[in-house]
Amino acid sequence: MPSSSRAKPAAPVSTVILGTGSFAPAGVLTNAELSQRMDTSDEWIVTRTGIRERRIAGPGESTSDMAVQAAAAALADAKLAPAEIDLLIVATITPDLTMPATACMVQAKLGLPTTAACFDVNAACSGFLYALDTACAMIGSGRYRHALVIGVEKLSTIVDWTDRTTCVLFGDGAGAVVVGPSSKPDVGLLGTRLGALGENVELLYIPGGGSAAPATPESLKAGAHTIKMKGKEVFKLAVRVMEESARDILEQHGLRADQIDCVVPHQANLRIIEAIAQYLELPLDRFFINVGRYGNTSAASIPLALDEARRAGRIKNGDLTLLVAFGAGLTYGSALIRW
Ligand code: UT7
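About the criteria used
- Residues numbered from 1 in each chain as written.
- Predicted model: local features only at pLDDT ≥ 70, side-chain atom pairs only at ≥ 80, totals over all residues.
- Heavy atoms only, no water.
- Buried < 20%, exposed > 50% of the residue type's maximum accessible area, 1.4 Å probe, protein only.
- Helix = DSSP H or I, 4+ residues; strand = E, 2+ residues; numbered from the N terminus.
- Pairing = 2+ DSSP bridges.
- Near = heavy atom within 4 Å.
- Polar contact = N/O pair within 3.5 Å; in protein donor to acceptor, adjacent residues only side chain to side chain.
- Areas by Shrake-Rupley, 256 points an atom, 1.4 Å probe, with all protein chains shown as cover.
- Nonpolar A, V, L, I, M, F, W, Y, C, P; charged D, E, K, R; others polar.
- Domains from an automatic or database assignment.

Participant: So what exactly am I meant to see when it comes to the pairing of strand E12 (residues 320-327) here?
Facilitator: Where a strand is regular, its side chains alternate between the two sheet faces. By the criterion of burial, E12 is predominantly enclosed, with 8 of the 8 residues buried. Burial along E12 is two-sided: Leu320, Leu322, Val324 and Phe326 and Thr321, Leu323, Ala325 and Gly327, pointing in opposite directions, are all buried. Where strand E11 (residues 262-265) lies against E12, 4 bridges are found, and the strand directions are parallel. Opposite Val263, over in E12, you have Leu322 as the bridge partner. As defined by bridge partners, E12 adjoins strand E13 (residues 331-338) across 8 bridges and the pair is classed as antiparallel. Each residue of the ladder has a partner; that of Leu322, found in E13, is Leu336.

Structural data, given as structure tokens:
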């Protein structure tokens, strides 16, 4: 048994993001390549989704491998050593194994202390926001000091590559943040608004392979272990719920939409982002958008975009950032961060 030498720190005033990192596998799959494999076209995919290409991890490149790359970059950015992390949360719907949690594999590969708490969160595309809120609450309790929060997916392994209505949408990647305490009020994670519409499970789900429908040779043949989505219904709900969630959190904090410096939305479809911008009456250039290069990477989407936004100089100290997500569950969430 490892001895727990965790000292009980005082509860911090706020929790801040100390560093960000991301990783995208080198393999690029373009719309032109997809068009050669199935009845689709670059024109259809770009017009309906804004996606031009996506990254696909290689067979030897696991979810935990991608998570480790993103986490190492976030730790370097935060100037923290793995030994200083006492909490690791991995948001993913594509764990390396059904059991145990991918967080445990990431812990071992990164060399985090054996006294660090490690677990996974499954909230699909909203997973990173659920994990971030959990980490901030745990640090806010004063019982944990530095958390690694990772959103990572290898969606290429759960996509039906014969279904053109879904396979063109998804990609692989990872993003990570390091969260820690701060004595400064009014900075860091100002608040979150999480929720779920659980009566809509079958709009976006994987029917087979769980305890309700264990894998059989027949279920494998029928492709029951791949993503099924009613795209039109999901689209409409995504726009409505992300707009409402953004409005709710702004209202909670007495803020107007035009006070947000940068919105980092879940990157599912450019048309969804355009609709939200229109409803919030914000110019599209207030949004950070990279869906064209990565497609929908579910839990990885927001932390990957957040890291790229920071590196592109789109987020500076003092700025107010709004994160907003929506995904299978159907889960949703928004978060406000003052840098
Ligand atoms: O992370 C959150 C979860 N996911 C989402 O947020 C995705 C939400 N939904 C969407 O983004 C959109 O609904 C899609 C991009 C999935 C689809 O766009 P749409 O404008 O709703 O198209 P549709 O499903 O109504 O399909 C229109 C037509 C259909 O043909 P018919 O029935 O009109 O003859 C489809 O069969 O486009 C056809 N189609 C395609 N054609 C070429 C569907 N997929 C493709 C394709 N290439 N890849």
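The rest of the description comes next.
Participant: Explain the site of the ligand to me, please; I cannot follow it from the model alone.
Facilitator: The local shell around the ligand holds 23 residues, among which Thr40, Lys232, His266, Asn269 and Asn296 are the closest. Between the ligand and Trp44 there is a distance of 3.1 Å, counted from an oxygen atom to a side-chain nitrogen or oxygen. Within the backbone of Gly231, one N or O atom sits 3.0 Å away from a nitrogen atom of the ligand. Bound to the protein, the ligand loses 75% of the 950 Å² it would expose on its own. Elements that contribute at least two residues to the shell around the ligand include exactly helix H2 (42-49), helix H6 (164-167), helix H8 (231-252) and helix H9 (270-279). Among the elements that take part in the shell around the ligand, H8 stands out by supplying 4 residues, more than any other. Tallied by class, the residues present in the shell around the ligand amount to 11 nonpolar, 7 polar and 5 charged. Counting contributing residues, the shell around the ligand receives three or more from each of domain 1 (14-182) and domain 2 (188-338).

Note that all results are geometric; they support no functional claim without further evidence.
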